[in-house]
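Now for the letters of each chain:
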Amino acid sequence: MNKDKVIIFDTTLRDGEQAAGTRLGAREKLELARQLARLNVDIIEAGFPASSPEDFRAVKLICEKIRTVTICGLTRARDEDIDICGKAVAKAKRSRIHTGIGVSDIHIRGKFGDAKYGRTIGAKKANIIKMAVKAVKRALRYTDDVEFYAEDSGRANREFLYEILEAVVDAGATTLNIPDTTGYSIPQLFGELIADIRANVPNIDKAVISVHCHNDLGMAVANSLAGVKNGARQIEGTINGIGERAGNAAIEEVIMAIKTRKDFFGIETKIRTEEFYRTSRMVADMLGMPVPVNKAVVGDNAFAHSSGIHVDGVLKKRETYEIMKPEDVGSPKTRVVLTARTGRHGLKHRLEELGHKLNKIELDKTYKRFIEIADKKHEVFDEDLAAIISDEIYAVENVFKLEYLHVACGTGTLPTASVKMVVRGENKQAAACGDGPVDAAYEAIREATGLSPKLENYSIRAVTSGKEALGEATVKIRDNGRIFIGRGLSTDIIEASAKAYVDALNRTEAVKKS
Ligand code: KIV
Ligand code: ZN
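Residues numbered from 1 in each chain as written. Chains lettered and ligands numbered in written order. Predicted model: local features only at pLDDT ≥ 70, side-chain atom pairs only at ≥ 80, totals over all residues. Heavy atoms only, no water.

Focus on the overall build of the chain
- A tally of regular secondary structure across the chain gives 18 helices and 16 strands.
- Over its C-alpha atoms the chain spans a radius of gyration of 25 Å, differing by no more than 12% from the 24 Å that the globule rule assigns to 514 residues.
- Each of the three principal axes of the chain carries a C-alpha extent, and together these read 75 × 65 × 45 Å.
- Taken across its 514 residues, the chain has 53% of its residues classed as buried.
- Restricting to contacts in the chain with at least 6 residues of sequence separation, those with at least 24 account for 66%.
- As presented, the chain carries roughly 22,900 Å² of accessible surface, and 51% of it is formed by carbon and sulfur atoms.
- Side chains of the chain carry 78 positive and 73 negative charges; the gap between the two charge centres is 3 Å. (Helix = DSSP H or I, 4+ residues; strand = E, 2+ residues; numbered from the N terminus. Rg over C-alpha atoms; globule rule 2.2 N^0.38 Å. Buried < 20%, exposed > 50% of the residue type's maximum accessible area, 1.4 Å probe, protein only. Contact = heavy atoms within 4.5 Å. Areas by Shrake-Rupley, 256 points an atom, 1.4 Å probe, with all protein chains shown as cover. Lys, Arg positive; Asp, Glu negative; His and termini not counted. Charge placed at Lys NZ, Arg CZ, Asp CG, Glu CD.)

Next comes the structure, spelled out in structure tokens:
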């Protein structure tokens, strides 16, 4: 392997999705994987196939359709996980299995506390090495590209870490993932950890060291870069830095640091950085996690100058206040506006530019909705299109359908709502009152469907500006201990709220069916 090249391993669809509180459907995952392939990442971690039948299907579908990138599936060090993952990645052009086990004393005591794993910490550690070796060997039945993660390496005892890494390389692992699972490390220490692994694991030359950093102390990107500076040659991260808790290392930040400070890092990646903005927006829209305006690299203000001195300086010479060019990350100079006169062809073209490749039926559906909105709003922005796509194309099967909603409210009156719905193929009507118009609508929907999951969170935002802006409502409900997110879109915010609730209910059903 070229020592100046760094492999980029994207885990947006696994570690990122895990954190979003919602699950993407196989079709949504495929669309995002296509965009990650355009971005030219080396490896896509598409999911954790043993975690659910949905995730198994998504990983399998991505392996069948995306042929230019290595597709990876995650497992625990368990035979059943590895066999399921092996089946999910069987059809990939290039596949990888990512297996591993907790290695810090805290993880060992917590996860392997039972005496069956050994009575002393020493006995447990000996067992853990055996389990790790066995897992790597089993994964090798399905692919010759096996990555081993030593979970919580950031807090692990060094001698044990060296020992387990040596054993799994001997067993055939070709990539060693050193995760800072809890985001506990700081750059200098994480860099030293990677340097120490290189110096103390005798067979280390047979494997690539990978870094996988979490952002609990806001240092995931800095730690990843320190790892690379000390010899790691694979970086794991997610788009927009989404991930467990405070997230993972944001790939766009790591890459732009490497590119902008090539003088310091002296390494390269094959990422097409001009795809960053588009990828960032697709991830934000599909997972319902908006990008903060001041986010490095892809935030809307990342290249905006407002103070007089800065504006003047940039106009005279761009480099005065800009270290990267907006076009290097694909940040649009102008916002594209479509109108009812744009036509089907123009709409298709713009959707493709935004990363959505639709078939004819999907395009027809989207165009119909686009025209309805363009008639009401006159101008349709990219953000509106993203919302339409998520509503029309990536919605799950409608077991519950809202046919009619009427809400009455006003000062001094009790808000009431009546709904007509199709519930599992049957027509139902219900009426209810509530604390406010949205509450009344939700009560009526609960009455009609006979379901009453706990409402955890509700929010509404204007997707674009203007009094005819589309409102996007997002609701989080809890059903059987699991969180589901529903979204709804309309120029009428009560209707958007009701649609979001019905969408969330449909998502609970989709999971029950899978
Ligand atoms: O953070 C972590 O340790 C992980 C592993 C499963 C790789 O995500
Ligand atoms: Zn992680």
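Let's talk about the site of ligand 1
- Around ligand 1 lies a shell formed by Arg-14, Asp-15, Leu-74, His-98, Tyr-149, Glu-151, Asn-177, Pro-179, Thr-181, His-212 and His-214.
- Here an oxygen atom of ligand 1 sits 3.1 Å away from a polar atom, N or O, in the side chain of Asp-15.
- Measuring from an oxygen atom of ligand 1, one finds a side-chain N or O atom of His-212 at 3.1 Å.
- Coverage of ligand 1 by the protein amounts to 93% of the 260 Å² it exposes when considered alone.
- At the level of elements, α1 (12-19), β5 (146-151) and β6 (175-180) are the ones that each hand at least two residues to the shell around ligand 1.
- Taken together, the residues of the shell around ligand 1 break down into 3 nonpolar, 5 polar and 3 charged. (Near = heavy atom within 4 Å. Polar contact = N/O pair within 3.5 Å; in protein donor to acceptor, adjacent residues only side chain to side chain. Nonpolar A, V, L, I, M, F, W, Y, C, P; charged D, E, K, R; others polar.)

Examining the nonpolar core
- Judged by nonpolar contacts, the single largest core of 112 residues is most densely connected at Phe-148, Ile-197 and Phe-276.
- At 9 residues, helix α7 (residues 158-171) tops the list of elements feeding residues into this core.
- Domain assignment of the residues forming this core places at least three in each of domain 1 (7-287) and domain 2 (344-391).
- Excluding residues within four positions of it along the chain, Ile-197 makes contact with Leu-161, Tyr-162, Leu-165, Ile-178, Ile-204 and Ile-209.
- The next biggest cluster of nonpolar side chains, apart from the first, holds 27 residues, and it includes Val-419, Met-421, Ala-498 and Ala-504. (Core = buried A, V, L, I, M, F, W, Y, C linked by side-chain atoms within 4.5 Å. Domains from an automatic or database assignment.)

Examining the sheet that holds strand β15 (residues 471-479)
- The 3 strands are arranged β14-β15-β16 in an open sheet whose pairing can be described as antiparallel. Because the sheet does not close on itself, it has two edges, and the strands there are β14 (454-462) and β16 (482-490). Between one strand and the next, the sheet's axes are offset by a mean angle of 15°, whatever the strand orientation.
- With 9 bridges connecting them, β15 and β16 associate as antiparallel partners. When the bridges of β16 are listed, Glu-472 appears paired with Leu-489. (Pairing = 2+ DSSP bridges. Axes fitted to C-alpha atoms, helices over the stretch in contact; angles between N-to-C directions.)

Things to note about the packing of α7 against helix α8 (residues 187-200)
- Between α7 and α8, whose axes approach to 10 Å, the crossing angle comes to 50°. Looking at the two axes, α7 sits oblique to α8. For the pair α7 and α8, the sense of crossing is right-handed. Counting all contacts with α7, which are made through Arg-158, Leu-161, Tyr-162 and Leu-165, the residues of α8 involved are Leu-189, Leu-193, Asp-196, Ile-197 and Asn-200.
- Its residues placed into classes, the contact of α7 with α8 shows 6 nonpolar, 1 polar and 2 charged. (Parallel < 35°, antiparallel > 145°, perpendicular 65-115°, else oblique. Left-handed = near helix turned anticlockwise from the far one by under 90°.)

So yeah, pure geometry; function would need other evidence.
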